[in-house]
Amino acid sequence: MFGYVVMNKPEIKFKDFDLYRSFYCGLCRELREKYGISGQISLTYDMTFVVILLSGLYEPPTKKGSTHCILHPVKKQAVRCNAATEYGADMNVLLTYYKCMDDWKDEKKISALGYAGMLEGKNRELGIRYCDKARKIRQLLSQLSRMEKAGEQDPDRMAGCFGRIMEEIFAWKKDVWEDTLRRMGFYLGKFIYLLDAYDDVENDVKKGNYNLFSEKYKEEGFDEQVQEILMMMMAQACREFEKLPIVKYTDILRNILYSGVWCRFETVSKARKEAREKKNE
């Protein structure tokens, strides 16, 4: 369900791409140092966005450095780490653990149970440190699972549940910016859930898995209807973003919000259109 909040690389300056990579690599290193390889493999582009957003808003002291990694064993990679990076790593592991446990309960995925087992001890500490967030995220994932089992087809209810999960992630501190960050996280979370359902619908139908759009994806105008809903969600998320007094990293953040998040939709939509045209030839 993650991996949609990405950059549009062809549309960004080289210096901004390098800056983005330094935050991505910083989050990767933070996950490795705090949680080992099991934490490191939970790394997502979505949480990198959260780290850059919070870094731009709160401007915490940021350490710059360089490091080797498995993917880049020869050339050192630039890294940036700060308090937002630490928070992002914690949220990444917390959310991954609860998602794995839900996958085990719902689909009896052995891989999910095994991964959750690797994260269990680490998550126990996070559950104490972030007790309110952990409780809300756990409850919301359980609610989402129940609605999926019941075959709920209301996009607002389904996406809204995941949106409330993301709003908990975005709300780093209880301060003047909390409400704005929560609303931004809520609408971006709805966007992620809906885009994920749109992306996976054909595979889910083939496998007999739940999908919000399983009864609608063959209807005429389906792609346009989904696009319209997604545009409304991102318009709301961007409206909240523009309320934040962010000066740093704005080119990166706007690239992601106004362009990058649409890359996957455009790819899937184009492929389906070409498949339909080929079928009708």
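For the rest of this paragraph, the subject is the overall build of the chain. Secondary structure assignment for the chain yields 10 helices and two strands. The helix and strand sequence of the chain, counted from the amino end, reads α-α-β-β-α-α-α-α-α-α-α-α. For 281 residues, the compact-globule estimate of 2.2 N^0.38 gives 19 Å, and the chain sits close to it at 19 Å. With the C-alpha coordinates of the chain rotated into their principal frame, the extents come out at 55 × 45 × 40 Å. Residues counted as buried form 52% of the 281 residues belonging to the chain. Sequence-distant contacts in the chain: of pairs separated by 6 or more residues, those separated by 24 or more amount to 72%. Of the roughly 14,400 Å² that the chain leaves accessible, carbon and sulfur atoms contribute 51%. For the chain, the centre of its 47 positive side-chain charges and the centre of its 43 negative side-chain charges are spaced 5 Å apart.

Moving on to the confidence of the model for the chain. A low pLDDT means the predicted coordinates there should not be read in detail. Taken over all residues, the pLDDT of the chain has a mean of 89, while the share at 70 or more is 94%. Element-level mean pLDDT values for the chain span from 75 in helix α4 (residues 110–129) up to 97 in helix α9 (residues 250–258).

So, about the side chain of D223. Along the chain, D223 turns up in helix α8 (residues 222–241). In terms of polar contacts, D223 uses its side chain to reach the side chain of Y198, at 2.4 Å.

A positive phi angle, near 50°, is found at E59, a position not held by glycine. With respect to the helices and strands, the residue E59 is situated in the loop between α2 (45–58) and β1 (63–67). Despite not being glycine, Y249 has its phi angle at roughly 65°, a positive value.

For the rest of this paragraph, the subject is the packing of helix α5 (residues 131–149) against helix α6 (residues 155–170). Look at α5 against α6: their axes get within 10 Å of each other, and the N-to-C directions meet at 165°. As the angle between them shows, α5 and α6 are arranged roughly antiparallel. Crossing geometry of α5 relative to α6 is assigned as left-handed. Contacts between α5 and α6 involve K133, K136, I137, L140, L141, Q143, L144, M147 and E148 on the former and, on the latter, R157, M158, C161, F162, R164, I165, E168 and I169.

Right, let's talk about the packing of aromatic side chains for a bit. Per the stated rule, a full pass over the model turns up 13 aromatic pairs. On the numbers, 5.0 Å between centres and 20° between planes, the contact of Y24 with Y45 is stacked. With a gap of 21 residues between them, Y24 in helix α1 (residues 14–40) and Y45 in helix α2 connect regions that are remote in the sequence. Given the relative accessible area of 15%, Y24 is considered buried. Under the relative-accessibility criterion, Y45 is labelled partly exposed at 35%. Considering the side-chain rings of F191 and W262, the 5.3 Å spacing of their centres and the 85° angle between planes classify their relative orientation as edge-to-face. Of the two residues, F191 sits in helix α7 (residues 178–207) while W262 sits in the loop between α9 and α10 (263–280), which places them 71 residues apart along the sequence. For F191, a relative accessible area of 0% puts it in the buried group.

Here we take up the packing of α2 against α9. Where α2 meets α9, the axes come as close as 10 Å, and the angle between the chain directions of the two elements is 140°. In terms of orientation, α2 lies oblique with respect to α9. Classified by chirality, the crossing of α9 by α2 is left-handed. Residue-level inspection shows F49, I52 and L53 of α2 in contact with α9, the latter providing I252, L253, I256 and L257. Along the lines of polarity and charge, the residues of the contact of α2 with α9 split into seven nonpolar, no polar and no charged.

Below, the discussion takes up the nonpolar core. Membership of the largest hydrophobic core comes to 87 residues, with the highest contact counts inside it found for F49, L53, F170, F213 and M234. Looking at which element gives the most residues to this core, the answer is α7, with 13 residues. With residues up to four places along the chain from it excluded, the contact list for F170 reads F49, V50, L53, L54, L181, M184, G185 and L188.

Across all of its chains, the model carries 18 salt bridges by this definition. Across the salt bridge formed by E168 and R182, the nearest N and O atoms sit 2.9 Å from each other. In this pair, E168 is assigned in helix α6 and R182 in helix α7, connecting sequence segments 14 residues apart. For the residue pair E168 and R182, the accessibility class agrees, reading buried in each case. Each of K133, K136, E167, E168, K174, E178 and R182 takes part in salt bridges that share partners, so that together they form one network.

Cut-offs and rules
- Residues numbered from 1 in each chain as written.
- Predicted model: local features only at pLDDT ≥ 70, side-chain atom pairs only at ≥ 80, totals over all residues.
- Heavy atoms only, no water.
- Helix = DSSP H or I, 4+ residues; strand = E, 2+ residues; numbered from the N terminus.
- Rg over C-alpha atoms; globule rule 2.2 N^0.38 Å.
- Buried < 20%, exposed > 50% of the residue type's maximum accessible area, 1.4 Å probe, protein only.
- Contact = heavy atoms within 4.5 Å.
- Areas by Shrake-Rupley, 256 points an atom, 1.4 Å probe, with all protein chains shown as cover.
- Lys, Arg positive; Asp, Glu negative; His and termini not counted.
- Charge placed at Lys NZ, Arg CZ, Asp CG, Glu CD.
- pLDDT = per-residue confidence, 0-100.
- Polar contact = N/O pair within 3.5 Å; in protein donor to acceptor, adjacent residues only side chain to side chain.
- Axes fitted to C-alpha atoms, helices over the stretch in contact; angles between N-to-C directions.
- Parallel < 35°, antiparallel > 145°, perpendicular 65-115°, else oblique.
- Left-handed = near helix turned anticlockwise from the far one by under 90°.
- Phe/Tyr/Trp six-rings, centres within 6.5 Å; stacked < 30°, edge-to-face > 60°.
- Nonpolar A, V, L, I, M, F, W, Y, C, P; charged D, E, K, R; others polar.
- Core = buried A, V, L, I, M, F, W, Y, C linked by side-chain atoms within 4.5 Å.
- Salt bridge = Lys/Arg side-chain N within 4 Å of Asp/Glu carboxyl O.

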